[in-house]
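Geometric and topological summary
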Amino acid sequence: MIILSLVPIPFRISALTQEQNSLLAYPIEQMATIVRDVKFRCTCCAKCCTRTFNGHVFLLDRDVRAVKTIDPEAIEPAPDPEFCDQNGTYYVSGYALRAKADDAGSCWFLENGKCRIYADRFAICRIYPYMLHREPDESGTVDWRQISGIDQHGEYDREIPEDEALTIARETKEFEHAFLSQEIAFLEYVQEYFSEHRLRHVQKVYDDRMRAFSKGIPIRVMAYFDGRFEEHIVRKG
Ligand code: SF4
Ligand code: SF4
């Protein structure tokens, strides 16, 4: 497994830029055809709003701006920070929705199986389970994937009108493009910030502090938002 934090930042920026160019070249009509062929129907089970099913929900900057006006307590720095400097400060590319302390790890906004801000839900919540990025399959072959968790949720029997499929395809592509732009901006800023403050990523410090964190020692995390870092002290749980 490749430890991303050990890959030089310029290589990572270059790989993400290539990914973004491939995404731009991907025809939305092709995605729309797949959307119509898959016939996904949401059964409103709310599994995707829990960490046990879906990991964390990463937010774009525009969604972080919105959530800060709705309920600033609802976000936290995204887990698995990308870097740790020689002084033990971590750096992560953005925020995720906070989970409640229940068994499923329900989203902060999930109440009685329903989203309490449904009309204002975030970009990722609107497009799920559609996605448009390349991933390796079980044999290691990298190809595009358009649906997350196929056959693990929902039903597959809905006739989707062509204009709706095109809208889904367009919104999914826009989300993925914005996500890649945010990742690239984060890496460029880390590069500049580290150079200006004479910092460097040290994997051993990263691992040591993570071990201490898992035993209850708080860590300092800088979360990237709106072209700068916001400082947080994060405790396990
Ligand atoms: S904001 Fe709403 S739709 Fe999005 S994960 Fe939370 S509960 Fe689900
Ligand atoms: S998108 Fe899937 S997991 Fe989420 S509520 Fe609908 S059926 Fe359930």
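How each quantity is defined
- Chains are numbered independently. Their residues run from 1 in the order of the written sequence.
- Just so you know, chain letters begin at A and ligand numbers begin at 1, following the order they were written in.
- Two thresholds apply to this predicted model, a pLDDT of at least 70 for residue-level local features and 80 or more for giving and counting side-chain atom pairs, whereas whole-chain, interface and lining totals are computed over all residues.
- Hydrogen atoms and water are omitted, and side-chain values are computed over all heavy atoms in the structure.
- What counts as a helix is a DSSP run of H or I of at least four residues, what counts as a strand is a run of E of at least two, and both are numbered from the N terminus.
- Within these notes, the globule rule equals 2.2 Å times the number of residues to the 0.38 power, and the radius of gyration is based on C-alpha atoms.
- Note on classification: 1.4 Å probe, protein chains only; a residue is buried when its accessible area is under 20% of the maximum for its type, exposed when over 50%, partly exposed between these limits.
- Charged residues are defined here as Lys and Arg on the positive side and Asp and Glu on the negative side; His and the ends of the chain fall outside this count.
- Charge placement uses NZ in Lys and CZ in Arg. For Asp and Glu, CG and CD serve respectively.
- Pairing between two strands is assigned when DSSP locates at least 2 bridges connecting them.
- Interaxial angles span 0 to 180 degrees and are taken between N-to-C directions of axes, which are lines fitted to C-alpha atoms, for helices over the stretch in contact.
- Any angle that falls under 35 degrees is termed roughly parallel, while one over 145 is termed roughly antiparallel, one within 65 to 115 roughly perpendicular, and all others oblique.
- What makes a crossing left-handed is the near helix being turned counterclockwise from the far one by less than a right angle; a clockwise turn instead makes it right-handed.
- Should any heavy atoms of two residues lie within 4.5 Å, those residues are considered in contact.
- When residues are sorted by character, Ala, Val, Leu, Ile, Met, Phe, Trp, Tyr, Cys and Pro go into the nonpolar class, Asp, Glu, Lys and Arg into the charged class, and all the rest, Gly among them, into the polar class.

What follows is about the overall build of the protein chain. Scanning the protein chain for helices and strands turns up seven helices and twelve strands. Rg of the C-alpha trace for the protein chain: 19 Å, near the compact-globule value of 18 Å for 237 residues, within the 12% margin. Overall, the protein chain is about 55 × 40 × 35 Å in size when its C-alpha atoms are taken along their principal axes. Taking all 237 residues of the protein chain together, 42% fall into the buried category. Positive and negative side-chain charges in the protein chain, numbering 30 and 38 respectively, have mean positions lying 5 Å apart.

Our next topic: the sheet that holds strand S12 (residues 228–234). Ordered in space as S3-S4-S11-S12, the four strands form an open sheet in which the pairing is mixed. Bordering the open sheet on either side are strand S3 (83–84) and S12, each of which pairs with just one other strand. Bridge analysis of strand S11 (residues 219–225) against S12 gives seven bridges, and the strand direction is antiparallel. Within S12, the position partnered with Phe-225 by the bridge is Arg-228.

Closest axis-to-axis distance for the helix H2 (residues 28–38)/helix H6 (residues 162–196) pair is 8 Å, and the angle between their directions is 120 degrees. What the angle tells us is that H2 and H6 run oblique. Our pair here, H2 against H6, has a crossing hand that is right-handed. Seen from H2, the contacting residues are Ile-28, Glu-29, Met-31, Ala-32, Val-35 and Arg-36; seen from H6, they are Glu-162, Ala-165, Leu-166, Ile-168, Ala-169, Arg-170, Thr-172 and Lys-173. Its residues placed into classes, the contact of H2 with H6 shows eight nonpolar, one polar and five charged.

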